[in-house]
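Working through the structure, step by step
One-letter residues, chain by chain:
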Amino acid sequence: MTITFITGANKGLGHETARRLLALGHTVIVGARDEERGTEAAAALGARFVRIDVTDDASVTAAAADVAAHEGVLDILINNAGVHGPHGDPADLTGADALGVFDVNVFGAVRTISAFLPLLRRSPDPVIINVSSGMGSLAITHDPSRIESSVVAPLYTASKAALTMLTTQYAKALKDVRVNTADPGYTATDLNGHSGPQTVTEGTDAIVRLATEKPGAGSGRFIDRDGPLALS
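In this report, we go over the structure that sits alongside the text.

Rules used throughout
- Residues numbered from 1 in each chain as written.
- Predicted model: local features only at pLDDT ≥ 70, side-chain atom pairs only at ≥ 80, totals over all residues.
- Heavy atoms only, no water.
- Helix = DSSP H or I, 4+ residues; strand = E, 2+ residues; numbered from the N terminus.
- Buried < 20%, exposed > 50% of the residue type's maximum accessible area, 1.4 Å probe, protein only.
- Contact = heavy atoms within 4.5 Å.
- Patch = residues over 30% accessible without salt bridge, like charges linked within 9 Å, V, L, I, M, F, W, Y side chains within 5 Å.
- Areas by Shrake-Rupley, 256 points an atom, 1.4 Å probe, with all protein chains shown as cover.
- Salt bridge = Lys/Arg side-chain N within 4 Å of Asp/Glu carboxyl O.
- Lys, Arg positive; Asp, Glu negative; His and termini not counted.
- Charge placed at Lys NZ, Arg CZ, Asp CG, Glu CD.
- Pairing = 2+ DSSP bridges.
- Right-handed = clockwise from strand over helix to strand, strands pointing away.
- Arc of directions from axis to C-beta.
- Polar contact = N/O pair within 3.5 Å; in protein donor to acceptor, adjacent residues only side chain to side chain.
- Axes fitted to C-alpha atoms, helices over the stretch in contact; angles between N-to-C directions.
- Parallel < 35°, antiparallel > 145°, perpendicular 65-115°, else oblique.
- Left-handed = near helix turned anticlockwise from the far one by under 90°.

Section: the side chain of Thr-112
Turning to its location among the elements, Thr-112 is positioned in helix 5 (residues 107–120). You can call Thr-112 buried: its relative accessible area is 0%. Look past the residues within four positions of Thr-112 in its chain and what remains in contact with it is Thr-7, Ile-52, Val-54, Val-60, Leu-77 and Asn-79.

As structure tokens, then:
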């Protein structure tokens with residue numbers, strides 16, 4: 001039985017990923033910051049809820065301790081929690097705005113990986129999946145045929161670029177863990193006011209693919225629902 005922990009799993013892409021992986025036989029742990037919403041989501045899915053605020057060291061440590069006490073091992077960690085950050089004129093952005101976005105989208109992944117790595121290393125085939133975005137790709141955001149090239153979101157795009165680079169660095173350093181990045185694509189979620197043309201099911205295709213690959217599938221990759229993407 002594959003044991004999978006998903007951050008930000010009370011709604012959107014995280015919730016749909018949990019639903020799909022449960023249907024495929026995974027034991028899924030729903031991680032979320034809001035205890036009430038997380039508990040309700042887990043109950044509706046038939047999963048277990050563990051509270052985790054990825055911006056808080058103590059909360060992340062406590063979540064890892066909870067999984068250690070109940071499951072004793074973790075096969076897959078999906079770092080899905082993310083925020084978009086402020087909209088509007090970039091001239092109005094502040095350092096505090098930047099810290100807030102990076103604290104969730106990048107530093108949160110670092111905290112969670114560090115806390116859960118000992119549990120992952122108890123698995124015969126440990127996997128880390130970081131949910132990034134084509135919005136963090138230099139190539140995609142400069143391609144006029146892609147919708148990502150028309151969007152101005154400095155903090156979100158910069159944080160996702162950092163998360164993708166972070167993934168490749170972990171993949172190089174952690175030879176015993178498969179570490180990959182998924183781009184959901186432009187999906188209708190709360191993050192974009194449900195403006196995306198993809199359904200959440202379509203948006204989770206890349207995540208589910210990475211979570212269901214066989215051992216030896218490779219590390220340090222960036223994929224979307226159609227396949228590999230360039231790491232640039």
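Topic: a negative patch on the surface
Taken together, the side chains of Asp-34, Glu-35, Glu-36 and Glu-40 make up a negatively charged region of the molecular surface. Here Glu-36 shows up in helix 2 (residues 35–45). Owing to a relative accessible area of 57%, Glu-36 belongs among the exposed residues under this scheme.

Observations concerning the pairing of strand 1 (residues 3–6)
Of the two faces of strand 1, the one carrying Ile-3 and Phe-5 and the one carrying Thr-4 and Ile-6 are both buried. Bridge count between strand 1 and strand 2 (residues 27–32): four bridges; the pairing is parallel. Its bridge partner lying in strand 2, Thr-4 is registered against Val-28. Running through helix 1 (residues 12–23), the crossover from strand 1 to the neighbouring parallel element strand 2 is right-handed. By the bridge criterion, three bridges tie strand 1 to strand 4 (residues 76–79) in an arrangement that is parallel. Counterpart to Phe-5 in the pairing with strand 4 is Leu-77.

Observations regarding helix 4 (residues 95–105)
Residues of helix 4 that are buried include every one of Val-101, Asp-103, Val-104 and Asn-105, and no others. Structurally, helix 4 contributes buried residues whose contacts are with helix 5 and helix 7 (154–173).

Let's talk about helix 2
Taken together, the buried positions of helix 2 are Gly-38, Ala-41, Ala-42 and Leu-45. Seen along its axis, helix 2 keeps its buried residues to an arc of 95°; they face one direction. Exposed residues lying more than 90 degrees from the buried face of helix 2 are Glu-36, Ala-43 and Ala-44. If you follow the buried residues of helix 2, they end up packed against helix 1, strand 2 and strand 3 (48–51). Of the residues flanking the start of helix 2, the one acting as N-cap is Asp-34, its side-chain oxygen 3.1 Å from the backbone nitrogen of Glu-36.

Description of the sheet that holds strand 6 (residues 178–182)
Read from one edge of the open sheet, eight strands run 3-2-1-4-5-6-7-8, paired in mixed fashion. On the outer flanks of this sheet lie strand 3 and strand 8 (227–228), each paired with one strand and no other. Judged from the two bridges that link them, strand 7 (residues 222–224) and strand 8 form a sheet pairing that is antiparallel. Looking at the pairing, Ile-223 lines up with Pro-228 of strand 8. Strand contacts of helix 7: strand 5 (127–131), strand 6 and strand 7, with the helix running at about 160° to strand 6, the strand carrying the most contacts.

What about the packing of helix 3 (residues 57–70) against helix 5?
Contact pair helix 3 / helix 5: the axes reach a minimum separation of 9 Å and the direction vectors enclose 20°. On the basis of their axis angle, the class for helix 3 and helix 5 is roughly parallel. The two elements helix 3 and helix 5 cross, and the hand of that crossing is right-handed. Together, Asp-57, Val-60, Ala-63, Ala-64, Val-67 and Ala-68 of helix 3 and Arg-111, Thr-112, Ala-115, Phe-116 and Leu-119 of helix 5 make up the contact between the two elements.

A closer look at the environment of Arg-178
On the secondary structure map, Arg-178 appears in strand 6. Considered as a pair, Arg-178 and Val-127 are 51 residues apart in the sequence and their alpha carbons are 4.8 Å apart. The contact partners of Arg-178, leaving out residues within four places of it in the chain, are Asp-125, Pro-126, Val-127, Ile-128, Leu-210, Glu-213, Lys-214, Pro-215, Gly-216, Ala-217, Gly-218 and Ser-219. Among the polar contacts listed, one links the side chain of Arg-178 to the side chain of Asp-125, at a separation of 2.5 Å.

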